[in-house]
Amino acid sequence: MSGLLALLDDVAAIAKVAAASIDDVASQAAKAGAKAAGAVIDDAAVTPKYVRGFDAARELPIIWRIARGSLVNKLVFLLPAGLVLREFAPGAVTPLLMLGGCYLCFEGAEKVAHALAGDKHAEEDADAEGDARRLEEQKVAGAIKTDFILSAEIMTIALAAIPEGSIWMEGATLAAVAILITVAVYGAVALIVKMDDLGLLMAAKGRLGATRGLGRGLVVAMPRILTILMVIGTAAMLWVGGNIILHGFAELGFDWAYNKIHHLADVATGALATGRAAAHWVLVAAVDGVFGLGLGLILIPVGTRIIAPIWTRLKRLNPIV
């Protein structure tokens, strides 16, 4: 009997430790997720543009495919890679993030260049829409690639916010951050892209005139809202990419540009009595975005004329690539 009681005591002690560990994981995940909030907002703003132009019936399946790819990015690739780099090669994290920042600048600048091309780009899009399945595959693949960079930033910020401890605790916390952020981002995206369908339902079946009017307003407003989100998403890519590059150079010891930008923002907002922090952030983000656009425009010919042909040849030589 005493042996059984001792066993029960041990089980109770283990349960208390496990409960405390779960509480620690939840607490650390919440703090780490808060630190990565800026990148999360960018991710939510970028994604809706990838489902624009598809039938309503395909919107949620496309979002689910992107969300699933995002989870694979975070849990299968980025989480173990982050833990390994933090343990064995912490100095490699910044250069790798900077490469990702260059990709974001390139993609954002390419969107701007296409928008400035006007009708020519519209014709290219119309041609691509001739094969809806191929277009969907391209959009999903592009979204998952972009998500990989944004997810890398989210996971890196989260990892930096987690106190050093056992690799299992760090891994569990990062996994919790990855799942919670993915659910939050793509849940919000699903609500945004289906808002027009909700408006149609309200307009058709609403019992009150105000409900039907609100539904019609949503239907009319959503195309404009999605266009605004596309612009915000492109700006977010440029801002995040430029910030990653400038902050990365500062981390590597080349901090003149980073410090100069923040100093000028301090000077420009120094006389403000209220809202100084917000104004400072807006100025720094704007300069980061302009830098990201400039770098991206430089990278467009590099990517399209040098890297893309090399990548195409590699794929021909080895289809697995």
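Residues numbered from 1 in each chain as written. Predicted model: local features only at pLDDT ≥ 70, side-chain atom pairs only at ≥ 80, totals over all residues. Heavy atoms only, no water.

(A) Structural detail: the overall build of the protein chain. Within the protein chain, the secondary structure is distributed over 11 helices and 0 strands. Reading the secondary structure of the protein chain in the N-to-C direction produces α-α-α-α-α-α-α-α-α-α-α. Long-range contacts, defined here as pairs at least 24 residues apart, represent 78% of the contacts in the protein chain between residues at least 6 apart. By element, 69% of the accessible surface of the protein chain is carried by carbon and sulfur atoms, the whole surface being about 18600 Å². (Helix = DSSP H or I, 4+ residues; strand = E, 2+ residues; numbered from the N terminus. Contact = heavy atoms within 4.5 Å. Areas by Shrake-Rupley, 256 points an atom, 1.4 Å probe, with all protein chains shown as cover.)

(B) Structural detail: the side chain of Thr234. Along the chain, the position of Thr234 falls in helix H9 (residues 209–251). Look at Thr234 and you get buried, because its relative accessible area is 12%. (Buried < 20%, exposed > 50% of the residue type's maximum accessible area, 1.4 Å probe, protein only.)

(C) Layout of the nonpolar core. In terms of nonpolar packing, the biggest core is built from 40 residues, with Ile63, Ile66, Leu104 and Leu174 touching the most fellow members. Sorting the residues of this core by element identifies helix H3 (56–88), helix H4 (93–117), helix H6 (132–161), helix H7 (167–193) and H9 as the ones contributing at least two each. The greatest single-element share of this core, amounting to 10 residues, is contributed by H6. Non-local contacts of Leu104, meaning those with residues more than four positions away in its chain, are made with Thr146, Ile149, Leu150, Met237, Val240, Gly241 and Ile244. Met98, Ala109, Ile245 and Ile300 belong to the second-largest nonpolar core, a separate cluster that totals 8 residues. (Core = buried A, V, L, I, M, F, W, Y, C linked by side-chain atoms within 4.5 Å.)

(D) Structural view of the packing of aromatic side chains. Applying the stated rule across the entire model yields 2 aromatic pairs. Note on Phe249 and Phe254: the rings are 6.5 Å apart at their centroids and 85 degrees apart in plane angle, and the pair reads as edge-to-face. For Phe249, a relative accessible area of 35% translates into the label partly exposed. Residue Phe254 is classed as exposed on the basis of its relative accessible area of 60%. (Phe/Tyr/Trp six-rings, centres within 6.5 Å; stacked < 30°, edge-to-face > 60°.)

That's the geometry; what it means functionally is another story.
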